[in-house]
Amino acid sequence: MPNFGTMESDSVVVANDVTKDFDGHIAVSHLDLEVPPGVCFGLLGPNGAGKTTTLRMIYGVTEPSEGSIDVFGLDIAKYRRAVRSRLGVTLQESVMIEVLSPVDNLRVFGRYHLLSEARIDKRVMELVDFMELNSHADVPVKYLSGGFKRRLAIALSLMNEPDLLILDEPTTGLDPAVRLALWDQLRELRRNGTTILLTTHYMDEAERLCDQLAIFSEGHVIGMGKPSDLIMEHLERETVEFTCTSGEESSLLGASALPEKSLRIRDRMLVYVEDAAPLVDVIRARDPDDRCSLVVRPTNLEDVFLTLTGTSLETDS
Ligand SMILES: Nc1ncnc2c1ncn2[C@@H]1O[C@H](COP(=O)(O)OP(=O)(O)OP(=O)(O)O)[C@@H](O)[C@H]1O
Ligand SMILES: [Mg+2]
């Protein structure tokens, strides 16, 4: 009788206290993660934070040093083949055959998944259409642009109609129109019940495409939840942004203290407050000519990301 892991959970992925130690370098530390079915779940974090390592462990190509991962309720370490038949994956490295066309690459993938020839024919046509590859369907992959290669990579990962699609930075380097088209395709897959787990460096993508997020920093998850909840949980509603040299903010604020939550990015101050009006009045009174280019805007996910990760910034909070 196989060990069906967390059968009581209907989560598609459950990571239990997972650590990955690469010869003394801890890439992922004590990770607990649950991906519910039918959502688009995003992993965010600076370079080297442990996102790809996490995806690789979920796919079963990298083994955790400690802890366990269940996918579809099965321990990936024991049931790799059964799990993989229901997974689609596009990791950062490419798996395409450069001398073959998209259609032939898709066919090779279909055979790898042991699909019948009739099923392959049908699926290839569907995917060429769905990923809008028609104009380049018969061109050898080595002549395709980055955007078309990305579309093909995703088409390949969809060949077996996966229940869980894992995408490592699916839209990095794509032009804005292709990115938007890809978001629509991912939304359509999600509507049809596919669970999507992806990494991204784009805050707009995380905010608009993902239902839930985990923010990684140095191997730890430092924030998790819906994009809007993360913003509410970690920061105030409004952001007052102005430019000033380091230390100059105190003269702009006069007797008032700098609000508790603020961030300096080179010569730009970001101050997070529930109500911007009183702070704006103080700054405007001291800078009537708006030399500090004051802007008020709603706090967004990028603010949360920068505050939590403090990436390459001189933080001040
Ligand atoms: N095979 C490996 N051997 C040794 N160290 C590794 C290996 N793979 C990853 N690492 C290290 O683990 C850490 C996490 O890497 P990972 O690729 O998971 O980061 P990431 O969050 O995906 O970053 P990026 O945004 O740059 O893709 C990094 O410090 C990286 O150098
Ligand atoms: Mg990565």
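From a predicted model like this one, the values you see are computed outputs, not experimental measurements.

Cut-off values and rules
- Residues numbered from 1 in each chain as written.
- Chains lettered and ligands numbered in written order.
- Predicted model: local features only at pLDDT ≥ 70, side-chain atom pairs only at ≥ 80, totals over all residues.
- Heavy atoms only, no water.
- Near = heavy atom within 4 Å.
- Polar contact = N/O pair within 3.5 Å; in protein donor to acceptor, adjacent residues only side chain to side chain.
- Areas by Shrake-Rupley, 256 points an atom, 1.4 Å probe, with all protein chains shown as cover.
- Helix = DSSP H or I, 4+ residues; strand = E, 2+ residues; numbered from the N terminus.
- Nonpolar A, V, L, I, M, F, W, Y, C, P; charged D, E, K, R; others polar.
- Domains from an automatic or database assignment.
- Pairing = 2+ DSSP bridges.
- Patch = residues over 30% accessible without salt bridge, like charges linked within 9 Å, V, L, I, M, F, W, Y side chains within 5 Å.
- Salt bridge = Lys/Arg side-chain N within 4 Å of Asp/Glu carboxyl O.
- Lys, Arg positive; Asp, Glu negative; His and termini not counted.
- Charge placed at Lys NZ, Arg CZ, Asp CG, Glu CD.
- Core = buried A, V, L, I, M, F, W, Y, C linked by side-chain atoms within 4.5 Å.
- Buried < 20%, exposed > 50% of the residue type's maximum accessible area, 1.4 Å probe, protein only.
- Contact = heavy atoms within 4.5 Å.

Peer 1: Give me the site of ligand 1: which residues, what numbers.
Peer 2: In the vicinity of ligand 1 there are 14 residues, among which His25, Gly48, Lys51, Thr52 and Thr53 approach most closely. A distance of 2.9 Å is found between an oxygen atom of ligand 1 and a side-chain nitrogen or oxygen belonging to His25. Contacts to ligand 1 include Glu169, whose side-chain N or O atom sits 3.5 Å from an oxygen atom. Here ligand 1, which alone exposes 640 Å², has 62% of that area covered by the protein. Contributions of two or more residues to the shell around ligand 1 are made by β2 (25-35) and α1 (51-59). Looking at the shell around ligand 1 residue by residue, the class counts come to four nonpolar, eight polar and two charged.

Peer 1: Can you break down the domain arrangement of the protein residue by residue, with the values?
Peer 2: As assigned here, the protein comprises domain 1 (13-226) and domain 2 (236-298). Look at where the C-alpha atoms of domain 1 and domain 2 centre, and you get two points 41 Å apart.

Peer 1: Tell me about the pairing of strand β1 (residues 13-22), residues and numbers included.
Peer 2: The pairing of β1 with strand β4 (residues 66-71) spans five bridges and is classified as antiparallel. Across the sheet, residue Thr19 finds its bridge partner in β4, namely Glu66.

Peer 1: Got a sec to walk through a negative patch on the surface? Specific residues and values, please.
Peer 2: A surface patch of negative charge is lined by Asp10, Asp17, Asp21, Asp23, Asp32, Glu34 and Glu66. Looking at the negative patch, the elements that each hand over two or more residues are β1 and β2.

Peer 1: Outline the nonpolar core, supporting the account with residue identities and numerical values.
Peer 2: With 51 residues, the main nonpolar core has Leu44, Leu106, Leu186, Ile196, Leu198 and Leu301 as its most contacted residues. Formed jointly, this core draws a minimum of three residues from each of two domains, domain 1 (13-226) and domain 2 (236-298). When sequence neighbours within four positions are dropped, the list of residues in contact with Leu44 reads Lys51, Thr200, Met203, Ala206, Leu213, Ala214, Ile215, Phe216, Leu301 and Phe305. Membership of the second largest hydrophobic core comes to 29 residues, among which are Val13, Val35, Leu55 and Met57.

Peer 1: I'd love a proper account of the pattern of salt bridges, names of residues and values included.
Peer 2: This model, assessed by the stated rule, comprises 19 salt bridges. Taking the shortest distance from any N to any O, the salt bridge between Glu241 and Arg297 comes out at 2.7 Å. Of the two residues, Glu241 sits in strand β11 (residues 238-243) while Arg297 sits in strand β14 (residues 295-298), which places them 56 residues apart along the sequence. For Glu241, a relative accessible area of 14% puts it in the buried group. Put simply, Arg107, Arg111, Glu117 and Asp121 are held in one network by salt bridges that share partners.

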